[in-house]
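Here are the chains, one letter per residue:
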Amino acid sequence: MCRLVFVIGCFVLYISSTLAFLHGYNGGKSLRVATIHQATILQNDSSKVSNNNIKLQRYTHKSFNLTYLYKEAAPGREKDRPIILIHPVGIGLSSWFWKRLMDSYDDNPPIYAPDLIGCGIDHGADVWDPDEIGLFFPLSWVEGVETLMNEIVIPKWRESQVLPSMF
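What you see is a predicted model; the values in this text were computed from it and never measured.

Q: Give me the nonpolar core: which residues, what numbers.
A: Within the largest apolar cluster, 19 residues are counted, with the highest numbers of intra-cluster contacts made by Tyr68, Ile84 and Tyr112. Residue contributions to this core peak at 7 residues, all from helix α4 (residues 138–161). Ranked by size, the runner-up nonpolar core spans 10 residues in total, among them Ile54, Ile83, Met102 and Ala113.

Have a look at this one:
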């Protein structure tokens, strides 16, 4: 079973890849959704220059278009377990909260920094409008990150674990 690291503010939380305990809130039904994989290299925008090739990518969770920052693994670290960095919640906070850390980490495994639902609007994520969509609970943020894990992070990590064919 794959384990991923979540960094929340100053806390580190290890969780299983299945997050089975969350499925109880939905009567045991899985909330799988289709994802969209679209990358934008941040070097195209001079205000978001990155020397370490951090990419802004997009995916879909339920009806939301969400974004995340992605930094590929350093050479030799491709098979290491990925890190998911969760930004704190507050006005104006998004995955950019982690950009300096991602830039400075040179010998890194794959790193993902998602925007929680309603955050990251300045770089293309959807707004959470309570009048249109209704109220939400922090569980919605967790479900959005769970979609990223199940549809992008874990499959990509598993691909890196495949041994090359000798024939």
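There's plenty left to go through after this.
Q: Please set out the pairing of strand β6 (residues 83–86) residue by residue, giving values where relevant.
A: Side chains of β6 alternate between two faces, with Ile83 and Leu85 and Ile84 and Ile86 buried alike. Pairing geometry for β6 and strand β7 (residues 111–114), over 2 bridges, is parallel. Across the sheet, residue isoleucine 83 finds its bridge partner in β7, namely isoleucine 111. On the question of chirality, the crossover connecting β6 to the parallel β7 by way of helix α2 (residues 99–104) is right-handed.

Q: How would you summarise the packing of aromatic side chains if you had to cite specific residues and measurements?
A: Both the distance between ring centres and the angle between the ring planes are used here to describe each pair of aromatic rings. Taken as a whole and judged by the stated rule, the model has 5 aromatic pairs. Pairing phenylalanine 64 with tryptophan 128 gives two aromatic rings, centres 5.0 Å apart and planes at 15 degrees, and the pair type is stacked. Taken together, the residues span a long stretch of sequence, with phenylalanine 64 in strand β5 (residues 64–71) and tryptophan 128 in the loop between β7 and α3 (130–133) at a distance of 64 residues. By the burial criterion, phenylalanine 64 is buried, and tryptophan 128 matches it. Ring geometry for tyrosine 70 versus tyrosine 112: centroids 4.8 Å apart, planes at 40 degrees, classification tilted. Taken together, the residues tyrosine 70 in strand β5 and tyrosine 112 in strand β7 connect sequence positions 42 residues apart. Counting every residue linked through ring pairs, the aromatic cluster contains Tyr59, Tyr68, Tyr70 and Tyr112.

Q: I'd like to hear about the layout of surface pockets, residue by residue, with values.
A: Here the second largest pocket is characterised by a volume of approximately 210 Å³. Taken together, 15 residues line the second largest pocket, and the ones lying closest to its centre are Gly90, Gly92, Leu93, Gly118 and Cys119. Partitioning the lining of the second largest pocket into residue classes produces 9 nonpolar, 5 polar and 1 charged.

Q: Run through the pattern of salt bridges, naming residues and quoting values.
A: Following the criterion strictly, the structure yields 5 salt bridges and no others. Among the salt bridges present, the one from lysine 55 reaches glutamate 72, with a minimum N-O distance of 3.4 Å. With lysine 55 in strand β4 (residues 55–61) and glutamate 72 in the loop between β5 and β6, the pair connects residues that are 17 residues apart, well separated along the chain. The exposure class assigned to lysine 55 is buried, which follows from its relative accessible area of 16%. In this structure glutamate 72 comes out as partly exposed when scored by relative accessible area, which is 41%. Here arginine 77 and aspartate 107 are joined by a salt bridge, their closest N and O atoms 3.4 Å apart.

Conventions and cut-offs
Residues numbered from 1 in each chain as written. Predicted model: local features only at pLDDT ≥ 70, side-chain atom pairs only at ≥ 80, totals over all residues. Heavy atoms only, no water. Core = buried A, V, L, I, M, F, W, Y, C linked by side-chain atoms within 4.5 Å. Buried < 20%, exposed > 50% of the residue type's maximum accessible area, 1.4 Å probe, protein only. Helix = DSSP H or I, 4+ residues; strand = E, 2+ residues; numbered from the N terminus. Pairing = 2+ DSSP bridges. Right-handed = clockwise from strand over helix to strand, strands pointing away. Phe/Tyr/Trp six-rings, centres within 6.5 Å; stacked < 30°, edge-to-face > 60°. 1 Å grid on protein atoms, 1.4 Å probe; cavity = no way out; pocket = protein on both sides within 12 Å on 5 of 7 lines; lining within 4 Å. Points joined across faces, edges and corners; volume = space filled by probe spheres on them. Nonpolar A, V, L, I, M, F, W, Y, C, P; charged D, E, K, R; others polar. Salt bridge = Lys/Arg side-chain N within 4 Å of Asp/Glu carboxyl O.

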